[in-house]
Amino acid sequence: QVQLVESGGGLVQPGGSLRLSCAASGSIFSINLMGWYRQAPGNERELVAVIISGGSTNYADSVKGRFTISRDNAKNTVYLQMNSLKPEDTAVYYCNAHITALSRRVYAYWGQGTQVTVSS
């Protein structure tokens, strides 16, 4: 069993910054991918950023140049540095990870979600 624990959400003014963290723990052989999704009320959950095991990253067009995804492999933790935040960024942010278990099977896990609100 694997758990993803998120932290770092909150209320911030437009133009401000937040850093989200997501730490994976449990019976992990390796982490293939970690990423961030977000979901606003009435909207579908959308991909924000992803980082794969080789270190390559991809971003949604709406956050390119403002958000940076990174990881600390020793801590099994992924971060999302969010700068120049806009009201449109307001959503619940979910961590997602594709993890190879000790059995070598790959499973997808979700964090509990953390609220990000951008408002003056």
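Residues numbered from 1 in each chain as written. Predicted model: local features only at pLDDT ≥ 70, side-chain atom pairs only at ≥ 80, totals over all residues. Heavy atoms only, no water.

Asks: Explain the overall build of the chain to me, using residue names and the numbers behind them.
Replies: In terms of regular secondary structure, the chain is built from zero helices and eleven strands. Along the chain, from the amino end to the carboxyl end, the secondary structure elements read β-β-β-β-β-β-β-β-β-β-β. Here the C-alpha radius of gyration of the chain, 14 Å, is about what a compact globule of 120 residues would show, namely 14 Å. Principal-axis analysis of the C-alpha atoms gives the chain an extent of 50 × 25 × 25 Å. Evaluated residue by residue, the chain yields a buried proportion of 40% over its 120 residues. When contacts within the chain are restricted to residue pairs at least 6 apart in sequence, long-range pairs at least 24 apart make up 55% of them. (Helix = DSSP H or I, 4+ residues; strand = E, 2+ residues; numbered from the N terminus. Rg over C-alpha atoms; globule rule 2.2 N^0.38 Å. Buried < 20%, exposed > 50% of the residue type's maximum accessible area, 1.4 Å probe, protein only. Contact = heavy atoms within 4.5 Å.)

Asks: Pulling in residues and values, what's your account of the pattern of salt bridges?
Replies: Throughout the structure, instances matching the rule amount to four salt bridges. Its salt-bridge partner being Asp89, residue Arg66 comes within 2.8 Å of it at the nearest N-O pair. One end of the pair, Arg66, is in the loop between β6 (57–59) and β7 (67–72); the other, Asp89, is in the loop between β8 (77–82) and β9 (91–100), and 23 residues separate them in sequence. The residues Arg66 and Asp89 share a single accessibility class, namely buried. It is possible to trace a salt-bridge network through shared partners that takes in Arg38, Glu46, Arg66 and Asp89. (Salt bridge = Lys/Arg side-chain N within 4 Å of Asp/Glu carboxyl O.)

Asks: Describe in detail the side chain of Glu6, supporting the description with residues and values.
Replies: Along the chain, the position of Glu6 falls in strand β1 (residues 2–7). One buried charged residue, Glu6, forms no salt bridge at all, with the nearest opposite charge on Arg45 at 7.8 Å. Among the polar contacts made by the side chain of Glu6, one reaches the main-chain amide nitrogen of Gly113 at a distance of 3.2 Å. Residue contacts for Glu6: discarding those within four places in its chain leaves Ser21, Cys22, Trp36, Tyr93, Tyr94, Cys95, Gly111, Gln112, Gly113 and Thr114. (Lys, Arg positive; Asp, Glu negative; His and termini not counted. Polar contact = N/O pair within 3.5 Å; in protein donor to acceptor, adjacent residues only side chain to side chain.)

Asks: So what's going on with the nonpolar core? Residues and values would help.
Replies: The biggest cluster of nonpolar side chains holds 30 residues, and the ones touching the most others in it are Leu4, Met34, Trp36, Leu80, Met82, Tyr93 and Ile99. For this core, the secondary structure elements donating two or more residues are β1, β3 (18–26), β4 (30–39), β5 (46–52), β7, β8, β9 and β11 (114–118). Sorting elements by how many residues they give to this core places β9 first, with five residues. (Core = buried A, V, L, I, M, F, W, Y, C linked by side-chain atoms within 4.5 Å.)

Asks: Can you lay out the sheet that holds β1 for me, pointing to particular residues and giving the numbers?
Replies: Read across the open sheet, the four strands follow the order β1-β3-β8-β7; overall the sheet is antiparallel. Looking at the sheet topology across the chains shown, the edges are occupied by β1 and β7. Strand-to-strand twist across the sheet, computed as the mean angle between neighbouring axes with direction ignored, equals 15°. Relative to β8, β3 is paired through six bridges, and the arrangement is antiparallel. (Pairing = 2+ DSSP bridges. Axes fitted to C-alpha atoms, helices over the stretch in contact; angles between N-to-C directions.)

Asks: So what's going on with the state of the cysteines? Which residues, and what values?
Replies: One pass over the structure, following the stated rule, counts one disulfide. Each disulfide pairs two cysteine sulfurs, and for Cys22 the partner residue is Cys95, the sulfurs being separated by 2.1 Å. A torsion of -85° about the S-S bond marks the disulfide between Cys22 and Cys95 as left-handed. Of the two residues, Cys22 is situated in strand β3 and Cys95 in strand β9; the sequence distance between them amounts to 73 residues. Here Cys22 and Cys95 have matching classes, each one buried. (Disulfide = S-S within 2.5 Å.)

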